[in-house]
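For reference, the chains in residue letters:
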Amino acid sequence: MQIATQGLVLRETEYKDADKILTVLTREGGKRTVRARGCRRRGSRLTAAAQLLVWSDMTLFEYRDRYTLNEADALDQFLGVRSDLDRLALASYFAEVTEAAAEEGRPDGALLSLILNSLYALDRLKKPLPLVKAAFELKLLCITGYEPLVDACAVCGTPEPEQPRLSLGEGVIHCAACRVGRGISLPLDASALAAMRHIVLGNPKRLFSFELEKESLRLLSDACQAFLLTQMDRGFRTLDFYRRLSVPDTPTQTGEGQHAQKGK
């Protein structure tokens with residue numbers, strides 16, 4: 001059976017002499033494992049589309065729940081991401097997290113829109129990388145059922161918590177003086193909390209339309225990363241690589257690393 005769809009390559013693995021096995025997030029069928037025959041041969045019409053982070057029109061052939069890429073036309077290769085190591089590393093992290101979150105064969109338009117919009121932000125919007133990263137991490141958790149409660153302190157109920165903190169295990173906001181469970185919570189400030197509310201509750205089409213001062217962005221970045229690692233209960237090799245890179249406008253790498261280890 002022939003299936004016409006659009007898809008984003010989340011992972012590529014070389015197979016045999018000239019093939020690749022692709023993990024593709026498709027519009028019609030969610031995550032699919034697809035074989036791209038001969039795509040590594042010179043002159044193959046599939047070469048451009050059978051690469052990590054390429055968004056394409058695709059024609060798949062299905063036989064006994066196995067998919068083969070018959071035809072493909074690359075629509076966006078996100079060349080601005082590919083030309084910058086820091087952006088490419090972060091985009092690869094987005095792909096790995098999305099692959100972990102997506103379910104095989106289950107369409108998920110919100111998840112697909114999130115990673116495409118995040119790649120667009122890395123490629124064309126002049127936003128700090130930590131801002132794009134934090135918005136992606138927190139919004140992905142909202143889409144996958146781990147949305148934090150950010151409207152008020154979970155203990156005393158005040159809508160503007162004093163010295164707000166995010167509980168990594170409980171997924172709630174609380175005042176520094178209010179205790180939630182026995183797990184780890186990370187500090188925010190008023191601006192970081194406002195940004196978190198924008199990400200969780202705001203229009204997804206305006207996901208990246210906010211700005212933060214350096215310290216507030218550091219707090220937001222630390223909290224969103226640690227919250228994702230805690231809720232997904234795993235690490236990501238692409239995140240480890242991204243954190244090893246020296247990016248001038250990122251939050252302090254030591255701070256990120258320490259909180260991430262606590263959140264695992």
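Residues numbered from 1 in each chain as written. Predicted model: local features only at pLDDT ≥ 70, side-chain atom pairs only at ≥ 80, totals over all residues. Heavy atoms only, no water.

Chemist: Just checking my understanding: could you explain unusual backbone geometry for this structure?
Modeler: Glycine aside, a negative phi is what most residues show, and trans is what most peptide bonds show. The phi dihedral of Asp 65 falls on the positive side, at around 65°, and the residue is not glycine. Relative to the helices and strands, Asp 65 is located in the loop between β4 (55–63) and β5 (66–76). Judged by relative accessible area, which is 64%, Asp 65 ranks as exposed. Of note in the backbone geometry, Phe 78 takes a positive phi value of approximately 50° without being a glycine. Among the structural elements, Phe 78 can be located in the loop between β5 and α1 (79–82). Residue classification places Phe 78 among the buried positions, given a relative accessible area of 4%. (Helix = DSSP H or I, 4+ residues; strand = E, 2+ residues; numbered from the N terminus. Buried < 20%, exposed > 50% of the residue type's maximum accessible area, 1.4 Å probe, protein only.)

Chemist: It is not clear to me how the pairing of β4 should be interpreted in this structure. Could you clarify?
Modeler: Two faces, one strand: in a regular strand the side chains alternate between the faces of the sheet. Judged from the 7 bridges that link them, strand β1 (residues 2–15) and β4 form a sheet pairing that is antiparallel. Residue pairing in the sheet places Thr 5 in a bridge with Met 58 of β4. When β4 meets β5, the two strands line up antiparallel, connected through 9 bridges. Looking across to β5, one finds that Tyr 63 is bridged to Arg 66. (Pairing = 2+ DSSP bridges.)

These figures come from the coordinates and say nothing about function on their own.
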